[in-house]
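# Structural overview for review
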Amino acid sequence: MALLEVKNLHVEFNTFGGTVKAVRGVGFHVDEGETLAIVGESGCGKSVSVQSLMGLIPNPPGRITRGSVKYRGHEIIGNPSINGQEIRGTEIAMIFQDPMSCLNPTMTIGSQISETLQFHNGLSKKQSLIRAVELLTMMQIPDATRRAKQYPFEFSGGMLQRSMIAMALACDPSILIADEPTTALDVTIQSQILELLKNLQAHNNMAIVLITHDLGVVARMADQVAVMYAGEIIEQGSSDEIFYQSAHPYTVGLRSAMPTNTREITGRLEPIQGTPPDLYSPPPGCGYFARCPYAMDACEKVKPEPFNMSNTHYSKCWLQHNDCPQVVKGIYKP
């Protein structure tokens, strides 16, 4: 049984301009000790997907219209006895994208971490502050006792991110959702944060759901990869399958746009032309149709089904259908 299992998740937002269908049938699962990376360009629905399963989508304007989210076999959506403090923050924790906007500027770092421990674990103020210092030390923040008494503006970007990780790990969650955990950090600090997450995962056998658009981070961290586009997961498989046996043209496009230091590969990066579809009125067929260089008539009108490339790898693309014209298959070289 999967630790976390998401099936056919749909999330919509009511706006003055109409209803935005932000997430359209997302499904994935993650096991203990495993890292699942969800990748895709900005606005594809990565963050909304994970925030909705944690109950962080404000209603109104957002709402989950369909789907199932199970944690250890128990349904989370619509179950108030589960989808509250018993799960959020204790069993499933989240590192948010921008620590400066998520931390309270009027409270010390130690107080913000200890508040989590008091609320979820029932520790006293003294006990929780001692534990907060231990967590900051675990995050390799020097002189943690003094630093715990400081405010967010006194911390660097890397230290703020470590503080966010400390807060997320305070209650020893089974699943850590990391939403762009290395955004705006230089490469040295980024490497340190990723190494820290890997060490913590190995120590606690914790599952990680990593939200990112950086394929370099994916290659380093992920066991499984889900590629999102226009609110859907269009390809999913192991890290090796996604990088070396890409089946969807969008995944191939992401790979082609990624810088490399391989001497044999030279020339200009190949950007993906065009823009994502309007999710006020999503296309009836493949969402990538307007940008795909291999698009066929069927792609515009009929939504592609998942085609299994292996037991762990599938792609939602008509190019994988057995009846796809051989001339198209000959042109398409993933």
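Residues numbered from 1 in each chain as written. Predicted model: local features only at pLDDT ≥ 70, side-chain atom pairs only at ≥ 80, totals over all residues. Heavy atoms only, no water.

### Describing the confidence of the model for the protein
Low pLDDT marks stretches whose predicted atomic positions should not be read closely. Taken over all residues, the pLDDT of the protein has a mean of 87, while the share at 70 or more is 92%. Of all the helices and strands in the protein, helix H12 (residues 326-331) carries the lowest mean pLDDT, 62, while strand S9 (residues 224-229) carries the highest, 96. (pLDDT = per-residue confidence, 0-100. Helix = DSSP H or I, 4+ residues; strand = E, 2+ residues; numbered from the N terminus.)

### Regarding the sheet that holds strand S5 (residues 74-75)
Strand order in this open sheet of 4 strands is S2-S1-S4-S5, and the pairing throughout is antiparallel. Looking at strand neighbours, the two that pair on one side only are strand S2 (18-30) and S5, the edges of this open sheet. Note: strand S1 (residues 4-15) against S2, 10 bridges, orientation antiparallel. Following the sheet pairing, valine 6 is matched in S2 by phenylalanine 28. This element, helix H1 (residues 46-53), spans S1, S2 and strand S4 (62-71) of the sheet and lies at about 110° to S1. (Pairing = 2+ DSSP bridges. Contact = heavy atoms within 4.5 Å. Axes fitted to C-alpha atoms, helices over the stretch in contact; angles between N-to-C directions.)

### What about the packing of aromatic side chains?
Taken as a whole, this structure holds 5 aromatic pairs when the rule is applied. Centre to centre, the rings of tyrosine 151 and phenylalanine 153 are 6.4 Å apart; their planes meet at 15°, and the pair counts as stacked. Classification of phenylalanine 153 as exposed rests on a relative accessible area of 63%. With a centroid separation of 4.6 Å and 50° between ring planes, the pair formed by tyrosine 229 and tyrosine 250 is classed as tilted. Taken together, the residues tyrosine 229 in strand S9 and tyrosine 250 in helix H10 (residues 249-256) connect sequence positions 21 residues apart. (Phe/Tyr/Trp six-rings, centres within 6.5 Å; stacked < 30°, edge-to-face > 60°. Buried < 20%, exposed > 50% of the residue type's maximum accessible area, 1.4 Å probe, protein only.)

### Comments concerning the pairing of strand S3 (residues 35-39)
Counting buried positions along S3 gives 5 out of 5 residues, so the element sits mostly inside the fold. Of the two faces of S3, both are covered, the one formed by Thr35, Ala37 and Val39 as well as the one formed by Leu36 and Ile38. As paired strands, S3 and strand S8 (residues 207-212) are joined by 5 bridges and run parallel to one another. Following the sheet pairing, threonine 35 is matched in S8 by isoleucine 208. Note that S3 and S9 share 4 bridges and pair parallel. When the bridges of S9 are listed, leucine 36 appears paired with glutamine 224.

### Considerations on the environment of leucine 129
Along the polypeptide, leucine 129 turns up in helix H4 (residues 125-138). Classification of leucine 129 as partly exposed rests on a relative accessible area of 32%.

### Digging into unusual backbone geometry
Cis geometry is found at the peptide bond from asparagine 59 to proline 60, where omega equals -5°. By the secondary structure assignment, proline 60 is in the loop between H1 and S4. In this chain, proline 60 is followed by proline 61 through a cis amide linkage whose omega measures 10°. Tracing the backbone through its elements, the reader meets proline 61 in the loop between H1 and S4.

### Considering the sheet that holds S9
Sheet architecture is open: 8 strands sit in the order S6-S7-S8-S3-S9-S10-S12-S11, paired in mixed fashion. On the outer flanks of this sheet lie strand S6 (92-95) and strand S11 (307-308), each paired with one strand and no other. Pairing between strand S10 (residues 232-238) and strand S12 (residues 314-315): 2 bridges, direction antiparallel. Bridge pairing in S12 links glutamine 236 to tyrosine 314. Set on the sheet, H1 makes contact with S3, S6, strand S7 (175-179), S8 and S9; between it and S8 the angle comes to about 145°. Its contacts with the sheet place helix H7 (residues 187-204) against S3, S6, S7 and S8, and it is angled at close to 155° to S8.

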